[in-house]
Amino acid sequence: METSSSLLYSPGTKNIIYNGSVADLEGRGMDRTVLGKCREELQRLMDEVQAGAGKTVSDMTTIPEENFPDPTDRALLESNRNFTLRLRDRERKLLAKIKEAMKRIEDGTFGGCEGCGGEIGKKRLVARPVTTLCIDCKTVAEEEEGR
Ligand SMILES: [Zn+2]
């Protein structure tokens, strides 16, 4: 647990933030509600991704290549397969994010921003519990990406 929080926060502010979020978790009734909602949403997301991933796998296996003797069809099949693989890659990454978020709920670091060490807004957390950045840091990150 110590190792994951030191990864999230710079050494100088780590303890303050860490203690701060623990205090929040224990001190405020509302945070439990927010945490509960986030946990529910994460579970829902995970079910959704896993259901989707299962479907993708069966789609890939139920279309035998022999059914596409035409080169055009084969190319189409090939590009479909590439698309499917990209989709699965995204699913895999989302699943990893969901698991990380659940772990943060367990160890009490959930809701802390990786960028500035501040708190992520509760509405933002409930709407997008896999996020690790507050809205300000997210905006900055997106601006930098766009440059
Ligand atoms: Zn931030």
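Residues numbered from 1 in each chain as written. Predicted model: local features only at pLDDT ≥ 70, side-chain atom pairs only at ≥ 80, totals over all residues.

Draft legend 1. Representation of the overall build of the protein within the structure. In terms of helices and strands, the protein carries 6 helices and 0 strands. Counting helices and strands in the order they occur from the N terminus, the protein gives α-α-α-α-α-α. Here the protein holds 147 residues, and the buried ones make up 12% of them. (Helix = DSSP H or I, 4+ residues; strand = E, 2+ residues; numbered from the N terminus. Buried ≥ 20, exposed ≤ 12 C-beta atoms within 10 Å, placed from the backbone.)

Draft legend 2. Region of interest: the nonpolar core. In this structure, Leu35, Cys38, Leu42, Ile98, Ala101, Phe110, Cys113, Ile120, Leu125 and Cys134 together form the largest nonpolar core, which totals 10 residues. Going through the elements one at a time, α3 (29-62) and α4 (71-107) are the ones with two or more residues in this core. Among the elements that line this core, the one with the most residues is α3, at 3 residues. Not counting chain neighbours up to four residues away, the residues in contact with Cys113 comprise Gly118, Glu119, Ile120, Leu133, Cys134 and Cys137. (Core = buried A, V, L, I, M, F, W, Y, C linked by C-beta atoms within 7 Å. Contact = placed C-beta atoms within 7 Å.)

Draft legend 3. Fine view of the environment of Thr132. Here Thr132 is to be found in the loop between α5 (122-127) and α6 (135-146). Spatially, the C-alpha atoms of Thr132 and Lys97 are 9.2 Å apart, while their sequence positions differ by 35 residues.

Draft legend 4. Structural context of α6. Taking 1.5 Å per residue as the helical rise, α6 with its 12 residues ought to reach 16 Å, and the 16 Å between its terminal C-alpha atoms agrees with that figure. Burial analysis of α6 places just 0 of its 12 residues in the buried class, a small minority of the element. (Expected span 1.5 Å × (residues − 1).)

Draft legend 5. Here's a closer look at α4. The terminal C-alpha atoms of α4, which comprises 37 residues, lie 54 Å apart, in line with the 54 Å expected from a rise of 1.5 Å per residue. For α4, the full list of buried residues reads Ile98, Ala101 and Arg104. One or two residues past the end of α4 sits Gly108, with phi positive at roughly 85°.

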